[in-house]
Amino acid sequence: MPQSGIQGQGLFMAGAGALDGRALPRGARIGLLGGSFDPPHAGHLHLSREALKRFDLDRVGWLVSPGNPLKTHGPAPLEDRMAACRAIMQHPRVVISDFERLAGTRHTARTLELVRQAFPGVRFTWLMGADNLAQLHRWEDWRQIMERMPVGVLARPGSRMAAQGSMAADVYAHARLPEREASRLALTPPPAWCFVNVPMVDLTLVPAEFRRQIVDYDGPERAGTLVVDTHERFLFLVREDRT
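Overview of the structure.

Definitions and cut-offs
Residues numbered from 1 in each chain as written. Predicted model: local features only at pLDDT ≥ 70, side-chain atom pairs only at ≥ 80, totals over all residues. Heavy atoms only, no water. Pairing = 2+ DSSP bridges. Helix = DSSP H or I, 4+ residues; strand = E, 2+ residues; numbered from the N terminus. Polar contact = N/O pair within 3.5 Å; in protein donor to acceptor, adjacent residues only side chain to side chain. Contact = heavy atoms within 4.5 Å. Expected span 1.5 Å × (residues − 1). Buried < 20%, exposed > 50% of the residue type's maximum accessible area, 1.4 Å probe, protein only. Core = buried A, V, L, I, M, F, W, Y, C linked by side-chain atoms within 4.5 Å.

With that settled, the discussion passes to the sheet that holds strand 4 (residues 123-129). Taken in spatial order, the 7 strands of this open sheet run 3-2-1-4-5-7-6, and their pairing is parallel. Of all the strands in the sheet, just strand 3 (94-97) and strand 6 (176-177) have a single pairing partner and so form its edges. Where strand 6 and strand 7 (residues 193-197) come together, 2 bridges link them in parallel fashion. Within strand 7, the residue paired with arginine 176 across the bridge is tryptophan 193.

This is the structure in structure tokens:
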């Protein structure tokens, strides 16, 4: 797709307007969280909020992919997943995008290259959970991802050891920023990455409107009602099958 076409329809389009009705300004710090979001869940919400704070970002964009090349079974229809993302993530600094559909890309490395071309001067950071860092070497052109954009890795309890011992972590050990310097990641030329520990969410610290959210969703083997529920005072996602 020509660069002008990408800019015309936009990376962060909400309806027909750009992010907050404005073009992304040069120097803006934008985090990108990609995936199939099949389904979107409380973990995505929590990681996005933590990324805004820990990496000192202006915005986070969810890049909802048409499909995941590493998964055998296709996801639910893109329109359904976009709607589910908008329903569960209602934050003024987080936006939902179908950039990969507009650009016609399927692999992250190519997507990030087109993002950089479409928005010169914007400081993008690729965001991922520690589980994805552990398998990053399986992604197509994974080294290009590390070389083209700073990478922020958010680790929840139970996912840290495998990620820190991964091939990507080893190959790019020289480019790792200490956690205490996470706020300058977006300003650091790639290759640069930072591994930050993210605590679970204590529901006593979460506004009541986020403690229980219900989203009708119809995906492969996931038909039912998604409920952000409570268990031992922490957020997690369960599925209630319709009968």
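Moving on, we come to the environment of alanine 173. As for its placement among the helices and strands, alanine 173 is situated in the loop between helix 9 (167-171) and strand 6. Once the C-alpha coordinates of alanine 173 and tryptophan 193 are considered, the two residues, 20 residues apart in sequence, prove to be 9.0 Å apart.

Glancing now at the side chain of arginine 29. Tracing the chain through its elements places arginine 29 in strand 1 (residues 29-35). One polar contact links arginine 29 to aspartate 56, side chain to side chain, over a distance of 2.8 Å. With sequence-adjacent residues up to four places away left out, arginine 29 is seen in contact with Asp56, Leu57, Asp58, Arg59, Arg123, Ser183, Ala186 and Leu187.

Along its 13 residues, helix 2 (residues 42-54) runs 18 Å from first to last C-alpha, staying within 8% of the 18 Å computed at 1.5 Å per residue. For helix 2, the tally of buried residues reaches 10 of 13 residues, placing the bulk of the element in the interior. Every buried residue belonging to helix 2 is among Ala42, Gly43, His44, Leu45, His46, Leu47, Ser48, Glu50, Ala51 and Leu52, and all of these are buried. Looking one or two residues beyond helix 2, the residue adopting positive phi is aspartate 56, at roughly 55°.

Moving on, we come to the nonpolar core. Where a protein is soluble and globular, its nonpolar side chains tend to be buried together. Grouped together as the largest cluster of nonpolar side chains are 35 residues, with contacts concentrated most on Leu32, Phe124, Trp126, Leu133, Leu136 and Trp193. Among the elements that take part in this core, helix 5 (residues 108-118) stands out by supplying 5 residues, more than any other. Setting aside residues up to four positions removed in sequence, tryptophan 126 forms contacts with Leu32, Gly34, Leu63, Thr108, Leu112, Trp139, Ile145, Met149, Pro150, Val151 and Gly152.

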